[in-house]
Amino acid sequence: MKFKFTEKDISIIKVISQISGGFALIVAMTMIFSLVQLKTVNPLDNPVLMSVKEQYDKDPSNASKAEQVRAMDLMARKAYFSSRWQVETGSYLLIAGVIIFIFCQRLMTENEKLNPVLADSKPDSSLRRDKNRRYLISAVAIIFISGITASFFLRAELPDISGNATGSSKKEESSNDKAQKPDKTNWPFFRGQDSRGIAGGAGYPTEWDATSGKNIGWKTEVPKKGKSSPVIWGDKIFITGAQDRICEIYCIDKKTGKILWIGSASDIQGEPAVLPKTDQESGLAVSTVATNGQVVCAVFSNGNLVCFDMDGKQKWAKNIGVPESSYGYTSSLMIYKDILLVQFDSNAKISLIGFDLEKGDKRWETLRHGHAVWSSPVMAYFTGKSELIINGNPYVSGYDPLTGNELWEVECMSGDVAPSVAVNSTMTYAVTDYAKLVAIKPSNGVSIIWEDNTYTPDVSSPVATDQFLFVSTGNGDVACYNAAKGDTLWTHYFQNPFYASPVIADNMIYLLDRSGVMHIVKAGSSFSLVAESPLGEGADCSPAFSDKKIYIRGKKNLYCISKN
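Residues numbered from 1 in each chain as written. Predicted model: local features only at pLDDT ≥ 70, side-chain atom pairs only at ≥ 80, totals over all residues. Heavy atoms only, no water.

**A short note on the environment of Ser425**
Move 1: Considering the arrangement of structural elements, one finds Ser425 in the loop between β18 (422-423) and β19 (428-431).
Move 2: Of the residues examined, Ser425 reaches a relative accessible area of 5% and is grouped as buried.
Move 3: As for Ser425 and Ala380, which are separated by 45 residues in sequence, their C-alpha atoms are 7.7 Å apart.
Move 4: Here the side chain of Ser425 touches Asp466 through a polar contact of 2.9 Å, side chain to side chain. (Helix = DSSP H or I, 4+ residues; strand = E, 2+ residues; numbered from the N terminus. Buried < 20%, exposed > 50% of the residue type's maximum accessible area, 1.4 Å probe, protein only. Polar contact = N/O pair within 3.5 Å; in protein donor to acceptor, adjacent residues only side chain to side chain.)

**A word on the nonpolar core**
Move 1: Among the nonpolar cores identified, the biggest contains 32 residues, and Trp208, Tyr510, Phe545, Ile550, Ile552 and Ile561 are the most heavily contacted of them.
Move 2: The dominant element in this core, judged by the number of residues it contributes, is strand β32 (residues 557-561), at four residues.
Move 3: When residues no more than four places from it in sequence are discounted, the contact partners of Ile552 are Trp208, Leu512, Met518, Leu535, Pro543, Asn557, Leu558, Tyr559 and Ile561. (Core = buried A, V, L, I, M, F, W, Y, C linked by side-chain atoms within 4.5 Å. Contact = heavy atoms within 4.5 Å.)

**Observations regarding the sheet that holds β18**
Move 1: Pairing is antiparallel across the open sheet formed by four strands, whose spatial order is β18-β19-β20-β21. Looking at strand neighbours, the two that pair on one side only are β18 and β21 (447-452), the edges of this open sheet.
Move 2: By the bridge criterion, two bridges tie β18 to β19 in an arrangement that is antiparallel. Bridge pairing in β19 places Ala422 opposite Tyr429. (Pairing = 2+ DSSP bridges.)

**So, the pattern of salt bridges**
Move 1: Taken as a whole, this structure holds 16 salt bridges when the rule is applied.
Move 2: One salt bridge connects Lys254 with Asp547, and the closest N-O pair in it is separated by 2.9 Å. One end of the pair, Lys254, is in the loop between β4 (246-253) and β5 (259-264); the other, Asp547, is in the loop between β30 (544-546) and β31 (549-553), with 293 residues separating them in the sequence.
Move 3: Note that Asp356 is salt-bridged to Arg363, the shortest N-O span being 2.9 Å.
Move 4: Classification of Asp356 as buried rests on a relative accessible area of 15%.
Move 5: Judged by relative accessible area, which is 39%, Arg363 ranks as partly exposed. (Salt bridge = Lys/Arg side-chain N within 4 Å of Asp/Glu carboxyl O.)

Encoded structure:
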């Protein structure tokens, strides 16, 4: 389609063309300059900031230095994150400017072709104008391409603070899909697959009563006390128990509740003659076992680490040293490929250890920074690669589960850290009581996105989706946050405190309080109570979900909750 314009119209179009071309030129040059600046100067590596941090590291008790570090670090991060907005806006402005320039040039060219050349005009004037215009368009195109290229480089260099997973590679998406779709049958670790607290499948019961027997499939007394949570693979459930010096692992038939075999984790070479001090309620059997369907591994507070096959035959056993701490050892195990991952926390040292799953040999050990904690490791998938994340004091850290190499760390926790982190496809959420709740963006330069200190659990671990974050506290409070922004969407106070970690199943949150009552709430942006179902005895262990059934360990018994 061709447009006919008067000379006045052409003059206006020419002015618009010149303005848009000049605008695009300025924006493109600015973005190229920003790329050069970013490559040479990083606000987070500011010499003044680094100098103050070094002074603070030498004297961490200096409150004024600590406040100075926080203030300067916040200013640097604000400057760094504002760069993303500038890049995003600059990209759109550059494209808009060039489109207007090209469109105006097209209109001017078509109009000239429609006007006949006068007899007395110079024969080469139109050719010269065309030649000059081509040079101009070529120059703008080069600058335009350079600016767009710079914007892509800048996007790659800057962290994504939006909380969205856009722009991820197919490899990353497939990894995140794997993390977000747990198995409907197997519950291999503490809090299930990847230790995230999200159940696969649907159709789980919401109403039961152990006193009347309503929807109770079976009930089995556990021979020895413990606070390890149930783990499931296929038709087998695994838990541990201990009394005095005797440590045991139990394999229970998932369908009937019958104990299939008992594995001993006592009288192992190197086992201490004197039992380590533990919390009276905890004992030696607090850590939850790990299984991959071929073996099952367990660790106890005296340092005994054992591995059995699925039929109860011991493959190997060793004592890894006594992890002595004020409350006793509580960190649960995790298996990644052919490596058994052990978070070892004691007063003497804190580390992450990788053992050969087949033989029990130590492959590597990574010393961690800070103080002993009582959390457990969690597996996450952020950039197409697996990361093992530990909620520590004062550092929350990410590690390569194959090598133990530290990938990142951020200083944000304090006090007695017991909750494990929550993760979704883009962020990690760390929390502990009398400290704060922190949302961390690990990829492309670790950064803290938001913080809150209103609802902080002391034992119970949070659970997250890409939309929501849920926490349950030792005071009986439950809170739902916007996972990306940190806004509190709803809160509710229940009478009894929570030690067991919440689980998301079938679009509902299952919250087990210490009295044994399960509070079931819709996993949404507003509070909606579905049901409250009593177990009949106290419970501190996190429940396991498998094939439309829920398995809960009380103080004395293991229960199968099933729709009958």
